Amino acid sequence: MLYKYETKSNRVKGLSFHPTRPWILASLHSGSIHLYDYRIKTLLEKFEEHDGPVRGVNFHMTQPLFVSGGDDYKIKVWNYKQRRCLFTLKGHKDYIRTVEFHREAPWILSASDDQIIRIWNWQSRTCIAELNGHNHYVMSAQFHPKDDLIVSASLDQTIRIWDISGLKKKTITIKPYRDNDSLRLQDEIFGTDVIVKLSLEGHDRGVNWAAFHPTQPVIVSASDDHHVKLWRMNDPIVDTLRGHFNNVSCALFHPRQDLVLSDSEDKTIRVWDMAKKTTIQTIRREHDRFWTLAAHPNANLFAAGHDSGMIVFKLERERPTFVPNGSDGVFYLKRKHFNSFDFSTGRSVVLFNITKIPSNNGTQVMSYNASERSILVSSDADGGSYHLYKIPTRDISQVDSKKGNGVAAIFVGSNRFAVLDKQNNVIIKGLDNEEVKRFQPAQTVEWLFPAPVGHVLVLTDEKMMLFDIQQKTAVAELFTPSIRYVIWSKDYNYVALLARDSLILATRRLEQICIVSESVLPKSGAWDENGVFIYTTSNHLKYLLPNGDNGTIKTLDTTIYLTGVKGSRVFAIDRELKNRHIEIDRSEYLLKLALFQKRYADVIKILRESKLVGKSIIAYLQRKGYPEVVHFVKDDRTRFNLALECGNLDIALQSAKILDDKQCWSRLAEVALRQGNQQIVEMAYSRTGELDRLSFLYLLVGNTSMLKKMITYDSTDIMSRFQYSLYLGDIDERIKVLQEAGLLSLAYITASINGLREKADQLASQITADGKTQLPSVPSNPFKLLPPQPVYIAPEVNWPLLNIAKSSAELGGQDRKFAMDNSGAVDDDDEIDNSGPKIGGGGWGDDDDIMAEDNNKNKGDEQQDSNGGGWDDDIVIEGGKGDGSGWDDDIDIGTSVSKQDISSMFVPPQPGSSFGQIWSRNTNFAVDHIAAGSFETAMNMLNQQVGIVNFEPVRSFFINIHMGARVALSSQAALQPIIEPLQRKHGQPYVSYNIQHLLERLRTLAYKSTTEGKFTDAILHFTYILHCAIFTTVESKQEFNEIKELIGVCREYITGLRIETQRKELPPTQLTRVAELAAYFTHCNLEPTHLVLALRSAMNNAYKLKHFDLSASFARRLLDLSPPGDLSTQAKKVIAFSQQNQTDPSITIAYDERNPFVIDSLSMTPIYRGSPLVRCPLCSSSYQPQHKGKLCNICQLAEIGKDTTGLQLILLQQK
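Residues numbered from 1 in each chain as written. Predicted model: local features only at pLDDT ≥ 70, side-chain atom pairs only at ≥ 80, totals over all residues. Heavy atoms only, no water.

Bringing the overall build of the protein into the picture now. Per the secondary structure count, the protein includes 29 helices and 65 strands. Intrachain contacts of the protein at a sequence separation of at least 6 include 47% that bridge at least 24 residues. (Helix = DSSP H or I, 4+ residues; strand = E, 2+ residues; numbered from the N terminus. Contact = heavy atoms within 4.5 Å.)

What follows is the structure, given as structure tokens:
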């Protein structure tokens, strides 16, 4: 049996697989219905409306519906897309045991303890039939998968077969009766819709389950008499399957094999051979009784519900056994035949036959030796064995075969293969199956994998090692999770390591290139001719580049296993052992690969010829620092955003005109102003109506003529006119504006200060005309208000810019077919001169000047092409000697361009990956992602590993780790410091937290505060240590185990100190609860010094409660720890007193010192051994099951009861 998924929950009473999606429904005894995705191992949804246990649940075959029935006598129909109950069917008068949808009709079948089976129409929401006949609880009822039959099982020890063909005709067929026809009335009164076809008796006790065979007229039943019986509907012979030792809860047929599965309250699942009537496989659990079984309608998957959850499992492996035979085909094992499939012809031929099929319960591996045409098949089932076959040249029935024992076997040379035995020895054997040499690695070997000739890959519990067979030593190693498969490239320069939840690419010397995480188990993989790794999961075909970029090529309708890749054709074999080939579009990963390898000509070619320029590719190119993709984008808004990002104002201006959006013009103006393009800034401000900014622009550049025009605009308000006159230094205009505003006094002062006597006298007469107003006083030492002058007025309109080398995308954008209008020209009505280059389209002007100058220098030695009117697709520049050379990937202009011209070009460097990006790309540790700044990724990883859902308490750790991995180097006082990374070995970030730091804090602060009675401070210190342990680096596996022990110490102390803190907060009148908490405190795993204090407190509180027996018990435990003299004397007195005085029987507390227990960290009550409990995945504190899903009260981080993969810490590699 292979476990695929296991859940922890209350007792599971009903199960149902979704027919197409990787979902399973589980109905619980607690009244909840859980929807799981067993592929990604996640709880998707909870449905809670039933009052009491839910015993039956079933998915509809085609609609987004499921039905449930429970002990509240209700049948509920749910829509899982809307996540709600649609309606409730009422009619049963007792517990509902099973519910099921009909495969075609809109019916629901329900069985109940009211001894009635009902058929409901879920569309009309009515009961259309009642099946009476059983005289005890009806435990199950099911439709036949094809015929119009129902099988039911009851505690009256009978199984009934019901014929519902009459009901189907009545509800679906229109009967040819008139309204008043007597035959219709007779049929309605005396007609029978459902009849009993068979009643089967043979069980000695009640029958719990009965089910039809999917294709044969056979029924299986499970009973409380511990038997499973097989009934034939057309034969009185009954077969009995004996083996269970308790009530058999459920039984069903295997959908594709002649097998029967049954589960029982004896805590086993048994698999029976129908022909031999014997048990062939047994699955046991230690403490959980099984209650129900379910089979997937289309896949080889089964599920079983038990007391503490459910399991999803397979009976055997479905992975085919195959090995590539080079680059043109694959060898694979199909039943008893070894076959060869040729990629070129698409034909499969039989190589040879074998007499016995290898067991597929274990891991099977096939290895091929091309030089000797030998195949080696190994399996770890039944202790491990291998078979060596020599491929025959003629008679396929005669094959040279040798076998031996070994956990794993693999070819390591043309005439050698390595075998791993049970004693951890790696044995090298020849093709004659004789031992040549052996060696024993220092660590326990789990498996052997292929490697380059003369080497073997050895997997241990924590790393992969490359062993040199001749030297018998490890020449390279790589710390990895548990690796399942290894796939080498054809030249053995690169290797892909597939783990359960990640993929690692490494070099021949096991130097890690990149690592990526996968939520779904990687199944297989193959390298293509470009060095890209193609791999599959259960439902996707994906790719992985050497830089860590990965993506999905296509979705798969079934699980396949890759056997080879040739161009755009992917070859695979499925679980039915059928060879397939899939045509794929490689454009996406070839584009990314070309970018990674800086083959920009290929990038341009791919962008032109494919339809890749979508949002995902645009975002990818932006993220990688290539916004020049704007040349290939059609959407105007996206084109505008990309043009601004790469600083291409010409394209941005074109898109802004089309969009004509105020926000776009404002952004364009901001970027254009940064580049000094006054023309575009002026246009943008004009379009947005930002005249204040436009006037300030004119002031900066000294454009007084436009400022004067702005004053004369009819729309200009008086305040703006005054501002413009200030910018111009126009005194007369200022005075005129002040006069129009009625500010004659200010106008008089302005005229007087600037020496305009005539104007000042004229204004003075207007001010004093009424004979009352006096002239304002003029400042004694005035100075004139003059506008600032521009620092530099450029001879050209726009500010001068550097001549930069054009990007590859811009160079490629000049092709005639895909040419972009990049001239940046503005229409005449926009009042901006179009001075763009004329030759070859936009953006080529500066380069043309260089070439023109070069042509003038070499005028006497070379002639231009007679057809040189424009640029062709392939640009040819002829050198001084007349031999033409075309443009290559790296353009070489040759000697025709002078050094002065080359030095005048500024080539901006391409942005590379930051050290944060490199860190996050090459690690699967959350701490490294935190240091890199990938906080969200780190939080997702910590949630999966230790179930953390509340990250606020560890926020300071995130910040400290992120900042601690960087150092600021100051250069000059006026400049910003240079940020440099602090890295550990292999280029990963340095993490300052280690176990010494935690131990120092434990001894000097946490223990000290506890001893001094500062419990609040002690809790803070222990909590800090617990939180810090998640982010600590360790140097050995021993330190990793010490970290786990340290987490346990913190858990015990935090629990105990919280108990003690709660005890001190209780009022003195609650003596019983005080004594209980003091007693619980003594069961925390504390240091002897602290345990003495806890026992003293418990002893005193029990004595105050007058529970002398308990007080004496604590006193004895106290004396066992050799306490100080005065405390020892007190304990002896308590023991003596308790011997003289009996405890009042009415005094009881919730504490049993003889029954082992753990403390519920929320309710602070004991959970005794054998009682159900859930734990925190981080600190392992215990809780009662009803607290599942809540936040842990001890660590304040993790979700109680969450399924996780376990804590992962960075193991520093020591040399």
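The packing of two helices is summarised by the inter-axis angle and the distance between the axes. For the pair helix α11 (residues 704-712) and helix α12 (residues 718-728), interaxial distance at closest approach is 9 Å and the crossing angle is 155°. Classified by the angle their axes make, α11 and α12 are roughly antiparallel. As for how α11 packs across α12, the hand of that crossing is left-handed. In this structure, α11 contributes Thr-704, Leu-707, Lys-708, Met-710 and Ile-711 to the contact, and α12 contributes Arg-721, Tyr-724, Ser-725, Tyr-727 and Leu-728. Here the residues of the contact of α11 with α12 are counted per class, giving 6 nonpolar, 2 polar and 2 charged. (Axes fitted to C-alpha atoms, helices over the stretch in contact; angles between N-to-C directions. Parallel < 35°, antiparallel > 145°, perpendicular 65-115°, else oblique. Left-handed = near helix turned anticlockwise from the far one by under 90°. Nonpolar A, V, L, I, M, F, W, Y, C, P; charged D, E, K, R; others polar.)

We now examine empty space enclosed by the protein. Throughout the structure, instances matching the rule amount to 1 cavity of 30 Å³ or more. Each pocket or cavity is described by its volume, and for the largest cavity that value is around 30 Å³. Around the largest cavity sit Phe-925, Ala-926, Val-927, Leu-942, Gln-945, Ile-1030, Gln-1208 and Ile-1210, which together line it. The set of elements that each furnish at least two residues to the lining of the largest cavity consists of α20 (926-932) and α21 (935-946). Residues that form the lining of the largest cavity fall into these classes: 6 nonpolar, 2 polar and no charged. (1 Å grid on protein atoms, 1.4 Å probe; cavity = no way out; pocket = protein on both sides within 12 Å on 5 of 7 lines; lining within 4 Å. Points joined across faces, edges and corners; volume = space filled by probe spheres on them.)

On the basis of which strands lie adjacent, the open sheet formed by 4 strands has the order β1-β28-β27-β26 and antiparallel pairing. Strand pairing shows two members of the sheet lacking a second neighbour, β1 (2-8) and β26 (290-295), which therefore form its edges. The sheet shows a mean angle of 15° between the axes of neighbouring strands, direction not considered. In this sheet, strand β28 (residues 309-314) lies alongside β1 in antiparallel orientation, the contact comprising 6 bridges. The partner of Tyr-5 across the bridge, within β28, is Val-312. (Pairing = 2+ DSSP bridges.)

Within the secondary structure, Asp-72 is located in the loop between β7 (65-70) and β8 (74-79). The side chain of Asp-72 is buried and forms no salt bridge, while Lys-74, the nearest opposite charge, is found at 4.9 Å. Only 3.1 Å separates the side chain of Asp-72 from the side chain of His-50, close enough to count as a polar contact. Within the structure, the side chain of Asp-72 is placed 3.1 Å from the backbone nitrogen of Asp-51, a separation counted as a polar contact. Aside from chain neighbours lying at most four places away, what touches Asp-72 is His-50 and Asp-51. (Buried < 20%, exposed > 50% of the residue type's maximum accessible area, 1.4 Å probe, protein only. Lys, Arg positive; Asp, Glu negative; His and termini not counted. Salt bridge = Lys/Arg side-chain N within 4 Å of Asp/Glu carboxyl O. Polar contact = N/O pair within 3.5 Å; in protein donor to acceptor, adjacent residues only side chain to side chain.)

Now for the sheet that holds strand β38 (residues 416-420). Spatially, the 4 strands line up as an open sheet ordered β37-β38-β39-β40, and their pairing is antiparallel. The sheet is open, and its two edges are formed by β37 (408-411) and β40 (435-439), each paired on a single side. Geometrically, the sheet is characterised by an average inter-axis angle of 20° between neighbouring strands, direction not taken into account. Where β38 lies against strand β39 (residues 426-430), 5 bridges are found, and the strand directions are antiparallel. Bridged to Leu-420 within β39 is Val-426.

Further remarks concern the packing of aromatic side chains. Inspection of every chain in the model, using the stated rule, returns 43 aromatic pairs. Judged by centre distance (4.6 Å) and plane angle (25°), the rings of Phe-338 and Phe-352 are stacked. In this pair, Phe-338 is assigned in strand β31 (residues 337-342) and Phe-352 in strand β32 (residues 348-353), connecting sequence segments 14 residues apart. The pair formed by Phe-338 and Phe-352 is uniform in burial state, with each residue classed as buried. Over the ring of Tyr-485 we find Arg-319, and its NZ or CZ is 3.8 Å from the ring centre. For the cation-ring pair, Arg-1001 lies above Tyr-1024, with the distance from its terminal atom to the ring centre recorded as 3.8 Å. (Phe/Tyr/Trp six-rings, centres within 6.5 Å; stacked < 30°, edge-to-face > 60°. Lys NZ or Arg CZ within 6 Å of the ring centre and 35° of its normal.)

Time to look at the pattern of salt bridges. What the rule picks out here adds up to 38 salt bridges. Of the charged contacts, one joins Lys-463 and Glu-477 as a salt bridge, the two residues approaching to 3.1 Å between their closest N and O atoms. In this pair, Lys-463 is assigned in strand β43 (residues 463-468) and Glu-477 in strand β44 (residues 473-479), connecting sequence segments 14 residues apart. Taking relative accessible area as the criterion, Lys-463 reaches 10% and is therefore assigned buried. Measuring nitrogen to oxygen at the nearest pair gives 3.2 Å for the salt bridge that ties Arg-1073 to Glu-1076. In this pair, Arg-1073 and Glu-1076 are both assigned in helix α26 (residues 1071-1081), 3 residues apart and thus about one turn of the helix distant. The class for Arg-1073 is buried, based on a relative accessible area of 19%. Residue classification places Glu-1076 among the buried residues on the basis of a relative accessible area of 9%. The network of salt bridges with common partners includes Glu-6, Lys-8, Arg-285 and Asp-288.

Judged by how many residues are buried, helix α3 (residues 587-596) sits mostly within the fold: 8 of 10 residues are covered. Lys-598 sits one or two positions beyond α3 and adopts a positive phi of about 60°.

To continue, consider helix α7 (residues 649-659). The complete set of buried residues in α7 reads Leu-649, Ile-651, Ala-652, Leu-653, Gln-654, Ser-655 and Ala-656. Residues of α7 that are buried make contact with α6 (636-646), α8 (662-675) and α9 (678-688). Of the residues flanking the end of α7, it is Asp-660, one or two places downstream, whose phi is positive at about 50°.

For the rest of this paragraph, the subject is the pairing of β8. Within β8, 5 of the 6 residues are buried, leaving the element largely enclosed by the surrounding structure. Across 5 bridges, β7 lies against β8 in antiparallel orientation. Across the sheet, Leu-65 pairs through a bridge with Asn-79, a residue of β8. From the end of β7 to the start of β8, which pair antiparallel, there are 3 residues, and Tyr-73 there has a positive phi angle of about 70°. Across 6 bridges, the pairing between β8 and strand β9 (residues 84-90) is antiparallel. Paired with Val-77 across the strands is Phe-87, a residue of β9. As consecutive antiparallel partners, β8 and β9 are separated by 4 residues, and within that stretch Arg-83 has a phi angle of approximately 60°, a positive value.

Nothing here speaks to function; it is all geometry.
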